[in-house]
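Geometric and topological summary
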Amino acid sequence: MDPKNGSSFTGFILLGFSDRPQLERVLFVVLLIFYLLTLLGNTSIIALSRLDPHLQTPMYFFLSNLSFLDLCYTTSTVPQLLVHLRGADKSISFGACVAQLFIALGLGCTECILLGVMAFDRYAAVCRPLHYTVIMHPRLCALMASASWFIGFANSLLQTVLTFLVPLCGRNKIDHFFCEVPPLLKLSCVDTTANESELFFVGVIILLIPVALITLSYGRIIRAVLRIKSAAGQRKVFGTCGSHLTVVSLFYGTAIYAYLQPSNNYSQDLGKFISLFYTIVTPMVNPFIYTLRNKDVMGAVRKVLCRGYDSR
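Residues numbered from 1 in each chain as written. Predicted model: local features only at pLDDT ≥ 70, side-chain atom pairs only at ≥ 80, totals over all residues. Heavy atoms only, no water.

Identification of the protein chain as Olfactory receptor from Lynx pardinus is taken from an unreviewed UniProt entry. Taken from UniProt, the Sequence similarities (unreviewed entry) comment for the protein chain reads in full: "Belongs to the G-protein coupled receptor 1 family." As recorded by UniProt, the Function (unreviewed entry) comment attached to the protein chain reads in full: "Putative odorant or sperm cell receptor." (UniProt positions renumbered as here; feature names shortened; annotations may be inferred.)

This is the structure:
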């Protein structure tokens, strides 16, 4: 970025919801509760997966990755937003803005790929049950999880560099509550069509591959479930797969609006609320979606609670 535009020295102003003071007070309380629930729910998933031997399977390995990812993603934006909602100072330094964009975008891309990997895991469990432990070997699980993180942050590095190479000519008021690519590009004093096209193209690729894997996996899963004669067996499969599909729908629906909308159709106000949804609501509900109908997790919770009670 050209230092003459001043952004590298003065930083940015995150306008957020400052035009709605009454809403800021309500949002502070609601988001604080949601954030605490996010911390509690996702930390519990990670802890239970480590403590209960029955949950040390590929499915819960990936679910722990997802929970850790959601913890990091929410923490990269929400604490700062809570501070801004309670005070008059809405500023963020240039370095902090770069770091926030890189981390949030990297985690978002990683989740996109990880959800596709989790669909493949469900396919192997349902359609290849006798070979499941051979297919989903711990080394392969670790490799797929690592690849998800690597690809996610490699793409984020590219997008972050391209975004901050755009000259801003002294503009530093971001009409958003955190540093994100679309509102940052709107600050530019030059034509950003090339950046928007590149963002759209990469976004389609990042979304298309996991969506194709999810669609193919669940197509095979549905056919396998229809061959199961036991109603209890069908319910068990639909329970775990239904939880994953719910999370996929929530995540991809908001991501598509945020990153694949044409700029002339993009509503900044609606975009803020959509961003609130995928930065705080989705990470909060993910643990509950996976646990409320999951007997293994609920059983692990009871074991841990009983163990704690007996130790007294």
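Let's pick the thread back up.
1. Focus: the overall build of the protein chain
Secondary structure assignment for the protein chain yields 12 helices and three strands. Buried positions account for 48% of the 312 residues belonging to the protein chain. When contacts within the protein chain are restricted to residue pairs at least 6 apart in sequence, those whose partners lie at least 24 apart make up 79%. Carbon and sulfur atoms make up 69% of the accessible area of the protein chain, which amounts to about 15,600 Å² in all. (Helix = DSSP H or I, 4+ residues; strand = E, 2+ residues; numbered from the N terminus. Buried < 20%, exposed > 50% of the residue type's maximum accessible area, 1.4 Å probe, protein only. Contact = heavy atoms within 4.5 Å. Areas by Shrake-Rupley, 256 points an atom, 1.4 Å probe, with all protein chains shown as cover.)

2. Things to note about the packing of aromatic side chains
Scanning the model with the defined rule gives 13 aromatic pairs in all. Arranged with centres 5.5 Å apart and planes meeting at 85°, the rings of F94 and F164 form a pair that is edge-to-face. Of this pair, F94 sits in helix α5 (residues 94-127) while F164 sits in helix α7 (residues 138-164), and the two are 70 residues apart along the sequence. A centroid spacing of 5.1 Å and a plane angle of 50° characterise the contact between F177 and F178, whose relative ring orientation is tilted. Pair check on accessibility: F177 and F178 agree, each one buried. Within the aromatic cluster, the residues linked to one another by ring pairs are F17, F177, F178 and F273. Here K272 stacks its cationic end above the ring of F17, 5.9 Å away from the centre of that ring. (Phe/Tyr/Trp six-rings, centres within 6.5 Å; stacked < 30°, edge-to-face > 60°. Lys NZ or Arg CZ within 6 Å of the ring centre and 35° of its normal.)

3. Digging into the nonpolar core
Counting 64 residues, the largest nonpolar core has L31, F62, L115, M118, V126, I221 and Y252 as its most contacted members. Tallying contributions element by element places α5 first for this core, with 12 residues. Residues in contact with M118, not counting those within four places in the same chain, are F62, L63, L66, H244 and Y290. Formed by 17 residues, the second largest nonpolar core is a distinct cluster that contains L101, L105, L184 and L187. (Core = buried A, V, L, I, M, F, W, Y, C linked by side-chain atoms within 4.5 Å.)

4. Structural notes on α5
With 34 residues, α5 ought to run about 50 Å at 1.5 Å a step, and its terminal C-alpha atoms sit 50 Å apart, in line with that. Burial of α5 is extensive: 25 of the 34 residues sit out of reach of the surface. (Expected span 1.5 Å × (residues − 1).)

5. Quick notes on the UniProt feature "transmembrane region" (unreviewed entry) in the protein chain
Sequence positions flagged by UniProt for "transmembrane region" (unreviewed entry) are, in local numbering, residues 26-48, 60-78, 98-120, 140-158, 199-216, 237-260 and 272-292. The distance from the first to the last C-alpha atom of residues 60-78 is 26 Å, and the span holds 89% helix and 0% strand. Regarding residues 199-216, the helix share stands at 100% and the strand share at 0%, and the terminal C-alpha atoms are separated by 26 Å.

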